[in-house]
Amino acid sequence: MADTGAPGGETLLFLTDEQLRKGIEAMFFAYRGFTADPDRILDQHDYGRAHHRAIHFINREPGLTVTTLISVLGVTKQSLNRVLRTLIDDGLVESRVGRRDKRERHLYLTEKGAVLERELSEAQRVRMRAAYRAAGPQAVAGFRQVLEAMMDPVMRRHYQMLKDGA
């Protein structure tokens, strides 16, 4: 990966600490923007980002086991159980006993959960769509490559399984 031809003609092969700092700060501020709209929606329901992440991945893979969700989210069982208990008690998530293994719990969004998931995702899609359109297809592909390269191997496997299942 040599010169990008981008304005400023910065060569990406030999990134300076200053260039990396700018990228890190851009990620921080982009993440704040990316989460701002869903955070406002979540606040109306007294939920946090952990609830959002759980709802997102349960929607993405209906029937996901609690064990897999723990691995995907990188949280403790105790931490996830607090989130799931709230979502189940509020009627957004349904937990079903596994057919093959009765110890497993499989998670599904209820209709109420699906409505909230759509509202949260739409807020993020609007922001992503506008950014992608402004940046153009090559930048979008490059951005995805950078994100995938930053993932730990275990997270990349989870991501790849979801991506391949889409």
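As the structure is a prediction and not an experimental result, all values here were calculated from the model. Along each chain, residues carry numbers from 1 onward, in the same order as the chain's sequence is written. Note on the predicted model: pLDDT of at least 70 is required for a residue's local features to be given, and 80 or more for side-chain atom pairs to be given and counted; whole-chain, interface and lining totals, by contrast, use all residues. To obtain the side-chain values, all non-hydrogen atoms of the structure were included, while hydrogens and water were left out.

**Q** So what's going on with the overall build of the protein? Which residues, and what values?
**A** Tallying secondary structure elements over the protein gives seven helices and three strands in all. Each helix is a run of DSSP H or I of at least 4 residues and each strand a run of E of at least 2, with the numbering of both proceeding from the N terminus. Starting at the N terminus and walking to the C terminus, you meet the elements of the protein as α-α-β-α-α-β-β-α-α-α. Viewed in the frame of its principal axes, the protein has a C-alpha envelope of about 60 × 35 × 25 Å. Across the 166 residues in the protein, those meeting the buried criterion constitute 27%. Carbon together with sulfur atoms contributes 57% to the accessible area of the protein, which is approximately 11500 Å² in total. The convention is simple: Lys and Arg are positive, Asp and Glu are negative, and His and the chain ends are not counted. A charge is said to be at NZ when it belongs to Lys, at CZ for Arg, at CG for Asp and at CD for Glu. Looking at charge distribution, the protein has the averaged site of its 26 positive side-chain charges lying 5 Å from that of its 22 negative ones. Think of it in three bands: with a 1.4 Å probe and only protein chains considered, a residue is buried below 20% of the maximum accessible area for its type, exposed above 50%, and partly exposed in between. Reported accessibility uses the Shrake-Rupley method at a 1.4 Å probe radius. Residues are deemed covered only where the shown protein chains occlude them.

**Q** So what's going on with the packing of aromatic side chains? Which residues, and what values?
**A** Note on aromatic contacts: the rings of Phe and Tyr and the six-membered ring of Trp form a pair at centre separations within 6.5 Å, being stacked when their planes are under 30 degrees apart, edge-to-face when over 60 apart, and tilted otherwise. Taken as a whole, this structure holds zero aromatic pairs when the rule is applied. Distance and angle both matter: a charge sits over a ring if NZ of Lys or CZ of Arg is within 6 Å of the ring centre and within 35 degrees of the ring normal. Here the basic side chain of arginine 96 rests over the ring of tyrosine 108, its NZ or CZ set 3.8 Å away from the ring centre.

**Q** Could you give an account of the packing of helix α3 (residues 66-73) against helix α4 (residues 77-89), naming the residues involved and the relevant values?
**A** Where helices are involved, their axes are fitted lines through C-alpha atoms of the stretch in contact, as for all axes, and angles between N-to-C directions lie from 0 to 180°. Where α3 contacts α4, the two axes come as close as 10 Å, and the packing angle between them is 110 degrees. With respect to their mutual orientation, α3 and α4 come out roughly perpendicular. Between α3 and α4, the residues in contact are Val66, Leu69, Ile70 and Leu73 and Lys77, Leu80 and Leu84, respectively. A breakdown of the residues in the contact of α3 with α4 according to their chemical character gives six nonpolar, no polar and one charged. Each angle gets one of four labels, with under 35 degrees taken as roughly parallel, over 145 as roughly antiparallel, 65 to 115 as roughly perpendicular, and the rest as oblique. Should any heavy atoms of two residues lie within 4.5 Å, those residues are considered in contact. Polar here means any residue outside two lists: the nonpolar Ala, Val, Leu, Ile, Met, Phe, Trp, Tyr, Cys and Pro, and the charged Asp, Glu, Lys and Arg; Gly therefore counts as polar.

**Q** Could you give an account of the environment of glycine 74, naming the residues involved and the relevant values?
**A** On the secondary structure map, glycine 74 appears in the loop between α3 and α4. Taking the C-alpha atoms as reference points, glycine 74 and methionine 155, separated by 81 residues in sequence, lie 8.9 Å from one another.

**Q** Summarise the packing of helix α2 (residues 49-60) against α3; cite the residues concerned and give the values.
**A** Where α2 contacts α3, the axes come no closer than 11 Å and their chain directions differ by 125 degrees. With respect to α3, the axis of α2 lies oblique. By crossing handedness, the relation of α2 to α3 is classed as right-handed. For the pair formed by α2 and α3, the contact residues are Arg53, Ala54, Phe57 and Ile58 on the first element and Leu69, Val72 and Leu73 on the second. Classifying every residue of the contact of α2 with α3 gives six nonpolar, no polar and one charged. Left-handed describes a crossing in which the near helix is turned anticlockwise from the far one by less than a right angle; the clockwise case is right-handed.

**Q** Talk me through the pattern of salt bridges; I want residue IDs and the actual numbers.
**A** Whenever Lys or Arg places a side-chain nitrogen within 4 Å of a carboxyl oxygen from Asp or Glu, that contact is recorded as a salt bridge. The final tally for this structure, using the stated rule, is nine salt bridges. A salt bridge links glutamate 25 to arginine 21, with the shortest nitrogen-to-oxygen separation between them at 2.5 Å. Of this pair, glutamate 25 and arginine 21 both sit in helix α1 (residues 17-44), four residues apart, which is roughly one turn of the helix. By relative accessible area, arginine 21 is classed as partly exposed at 34%. A single salt-bridge network, built from bridges that share partners, covers Glu18, Arg21 and Glu25.

**Q** For the side chain of histidine 51, give the residues involved together with the corresponding values.
**A** Position of histidine 51 relative to the elements: it lies in helix α2. Beyond its immediate sequence surroundings of up to four residues, histidine 51 is in contact with Val83, Thr86 and Leu87.

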